Amino acid sequence: MKLNRSIFWILPVLALALPLVLNQYLQYVVNLMLVYILVSVGFNIVVGNLGQLAFSNVAFFGIGAYASGILTTQLGMPWWLTVVPAGFCGALAGCAASIPALRGVRLFYLAIMTLAFGELMRWLYIRTPGLTGGSMGLTVPEPAVFGWMLTNEYQKFYVFLFIVVVVVIATSRLLESRIGRAFLAIKNDENAAAAMGIPTGQYFLLAFALSGFVVGIGGSMYAALVGHLSPEDFDLIQVILHFAIIMVGGLGSLIGSILGSILITATPEVIRHFEWLVGSEEWIFGVAIIVVILFLPRGLSSLLAKVNPIFKDRYYRD
Amino acid sequence: MALLTVTNATVQFGGLIAVNQVSFRAEPGKVRALIGPNGAGKTTLFKAIAGEEQLASGTIHFQDQAIHTLTPHEISARGIRRTFQTGGLFGELTALENVLAGLHTKIPSSFGGLLANTRSAKAVEKAATKKALKLLDLMGIAHVAEQWARDLSGGQKRMVEIVRALATDPPLLLLDEPAVGLAPPVRLELMNIIRRLVDEENIGVILIEHAIEFVMTVSDTIMVLNNGEVIAEGAPDEIRQNKNVLEAYLGR
């Protein structure tokens, strides 16, 4: 069937009706999905598109969240004005995280160094109680947008949806352009990419900064969603979660990041829904991830790409 | 004017001198072949020209400008393009996308233009795609444009690599063992393509190759390296008669 890419708009348009059918709690879960969409879209840029084993994502997430939290509590800024600064803080963290990669650190060495970055940030949140509230955490005031307070999950949802749509479209445009092509060229063969005139160092920096920016905005949304940030929110479990999302969704696929976020966030809630399954969330979750990766090594987006090529990102390879 | 002037170039790996005081000039419209046994320093010399290895001493000038302090992508942007001994293609990109990646520096869309998806950003991408397809067609491989590079045959891969390197109309092309693994008719085709580029487009080519008949037929000048040093240089016929070369390389 010949489809047009405008069908992608069906998803956000249909989503507009969600507050009509969901209770506050389920709406909260959907809002969390929106947060994880940005977290995984950003993560996938570095891991899936640039092909680097870098796990600094949790640092970007935490920095974005705390940036928003600190700007609202310490400077009294309304939340909506902190979203873009939180993105820039994430981007700065991305630049910092790219330093080992720029110095030629790759693979497992890069993985362990970037993991350490996340843990270092968690240590920093605990050790700077004046700013972050330390281990007690930071209570973030109710988010405000143009003077309006977002007092319930439904209101947050519409604002989050708007942000996610804008950021996802912007990211998609970059990844489908010569920039995305350069990322994939570097992933395939760095030397050959440089020999084609692609400034590989600049593209490493760009990928990490872009990733940090997108994830930082996700962090800012997270701060507004949960209202209380604590260092444990940004621990190693989060790394596994982010990684599971992009593996299940599809490495290097933006559509996959979205699918993965929805699925992985929804799974525990669905399990909780069935009383006889309560208590086995963890292992069902684990088995589900293993099954998907075993049978769909390129993630759910590879399945979708088979249904119709329209669902395939330009530079996603199943 | 010489296109490329290499003067007393030396590359060292710790105590090992891989390239020792090598000097030569490459001219436009000429094929210069580098031959020599394995480990003679041919690829290292290539890498030094392309900026992947640092010179311990000596200089490299391209169109009268020093390039031995530049990075690989800067050298590529100046107009020296290379192919690789193995790999080199972006396997997950299609043949067409490989050529587009080769055109990277010629696609002048700005970051903001891409974000806003402006008409001019779309236009430059479209123009580049058109050019890439035309180049693939010129080499007779337009039919594989949409195939992933990793799925192409050895000969097709080599052709795509050459198209990708030539996409920016570089004055100088470095070919690292282009004939390896190619069937005789494909070799012949490749030879014709190289001669056509050199004779009609006035491109300078430096070629590393072990297939000796290929080298003897296609080259204007042959330079023989052994243990990092130039042991002979001359026209194919002279090299064929050279006693040092016979001992070191041709094995008689």
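Keep in mind the model is a prediction, meaning the values are calculated, not measured.

1. Thoughts on the overall build of chain A
Broken down by element type, chain A carries 15 helices and 4 strands. For 318 residues, the compact-globule estimate of 2.2 N^0.38 gives 20 Å, and the C-alpha radius of gyration of chain A, at 19 Å, lies within 12% of that figure. Taking the principal axes of the C-alpha coordinates as reference, chain A spans close to 50 × 45 × 40 Å. Considering chain A as a whole, with its 318 residues, one finds that 51% of them fall into the buried category. At a minimum sequence separation of 6, the contacts of chain A that also span at least 24 residues come to 77%.

2. A closer look at the sheet that holds strand β2 (residues 16-26) of chain B
The pairing of strands in a sheet happens through backbone hydrogen bonds and is either parallel or antiparallel. All names here are of chain B. Strand order in the open sheet formed by 4 strands is β2-β1-β4-β5, with antiparallel pairing between adjacent strands. Of all strands in the sheet, those bounded by a partner on one side alone are β2 and β5 (65-66). By the bridge criterion, 5 bridges tie strand β1 (residues 4-13) to strand β4 (residues 57-62) in an arrangement that is antiparallel. Each bridged residue has a counterpart across the sheet, and for Leu4 the counterpart in β4 is Phe62. Where helix α1 (residues 42-50) meets the sheet, its contacts fall on β1, β2 and β4, and the angle it forms with β2 comes to roughly 65 degrees.

3. A short note on the confidence of the model for chain B
Mean pLDDT over chain B: 93, with 99% of residues reaching 70 or higher. In the predicted complex, the global pTM is 0.94; the interface-specific ipTM is 0.93.

4. Digging into the interface of chain A and chain B
Size of an interface: often given as the accessible area lost when the parts come together. Taken residue by residue, the interface counts 22 residues in chain A and 28 residues in chain B. In terms of residue count, the dominant contributor to the side of chain A that touches chain B is helix α9 (residues 178-188) of chain A (7 residues). Of the residues assigned to the side of chain A that touches chain B, the class counts are 12 nonpolar, 5 polar and 5 charged.

5. Some thoughts on unusual backbone geometry
Residue and element names in this part refer to chain B. Although it is not a glycine, Asn8 sits at a positive phi angle of roughly 50 degrees. Here Asn8 lies in strand β1. Its 12 C-beta neighbours within 10 Å are what place Asn8 among the exposed residues. You will see that Asn202, though not glycine, has its phi angle at about 65 degrees, which is positive.

6. Focus on the sheet that holds strand β10 (residues 229-234) of chain B
Residue and element names in this part refer to chain B. Judged by pairing direction, the sheet is mixed, and its 6 strands sit side by side in the order β6-β7-β8-β3-β9-β10 without closing on themselves. The sheet is open, and its two edges are formed by β6 (80-82) and β10, each paired on a single side. In this sheet, adjacent strand axes meet at a mean angle of 20 degrees when their direction is disregarded. With 3 bridges joining them, β6 and strand β7 (residues 172-176) adopt parallel strand pairing. Along β7, the bridge assignment pairs Arg81 with Leu173. Along the sheet, α1 makes contact with β3 (31-35), β6, β7, β8 (204-208) and β9 (221-226), crossing β7 at roughly 150 degrees.

7. Description of helix α8 (residues 153-175) of chain A
With 23 residues, α8(A) ought to run about 33 Å at 1.5 Å a step, and its terminal C-alpha atoms sit 31 Å apart, in line with that. Every buried residue belonging to α8(A) is among Glu153(A), Lys156(A), Phe157(A), Val159(A), Phe160(A), Ile163(A), Val164(A), Val167(A), Val168(A), Thr171(A) and Leu175(A), and all of these are buried.

8. Here's the deal with the domain arrangement of chain B
All names here are of chain B. Partitioning chain B into structural domains gives domain 1 (26-54 + 70-89 + 153-250) and domain 2 (91-151). With centres defined by C-alpha atoms, the gap from domain 1 to domain 2 works out at 26 Å. On the side of domain 2, 15 residues touch domain 1, which itself brings 13 residues to the contact. Broken down by element, the residue count for the side of domain 1 that touches domain 2 peaks at 8 residues, all from helix α6 (residues 154-166). Here the side of domain 1 that touches domain 2 is composed, by residue class, of 9 nonpolar, 2 polar and 2 charged.

9. Focus on the packing of helix α5 (residues 79-102) of chain A against helix α11 (residues 200-226) of chain A
Residue and element names in this part refer to chain A. It is at 6 Å that the axes of α5 and α11 come closest, and there the two elements cross at 145 degrees. For the pair α5 and α11, the crossing hand works out as right-handed. Among the residues forming the contact of α5 with α11, the class breakdown is 19 nonpolar, 11 polar and no charged.

10. Some thoughts on the pairing of β9(B)
Residue and element names in this part refer to chain B. In terms of strand pairing, β3 meets β9 through 4 bridges, oriented parallel. Its bridge partner lying in β9, Leu34 is registered against Met223. Between β9 and β10, which pair antiparallel one after the other, the connecting turn spans 2 residues, and Asn227 there sits at a positive phi close to 50 degrees.

Cut-off values and rules
Residues numbered from 1 in each chain as written. Chains lettered and ligands numbered in written order. Predicted model: local features only at pLDDT ≥ 70, side-chain atom pairs only at ≥ 80, totals over all residues. Helix = DSSP H or I, 4+ residues; strand = E, 2+ residues; numbered from the N terminus. Rg over C-alpha atoms; globule rule 2.2 N^0.38 Å. Buried ≥ 20, exposed ≤ 12 C-beta atoms within 10 Å, placed from the backbone. Contact = placed C-beta atoms within 7 Å. Pairing = 2+ DSSP bridges. Axes fitted to C-alpha atoms, helices over the stretch in contact; angles between N-to-C directions. pLDDT = per-residue confidence, 0-100. Nonpolar A, V, L, I, M, F, W, Y, C, P; charged D, E, K, R; others polar. Expected span 1.5 Å × (residues − 1). Domains from an automatic or database assignment. Left-handed = near helix turned anticlockwise from the far one by under 90°.

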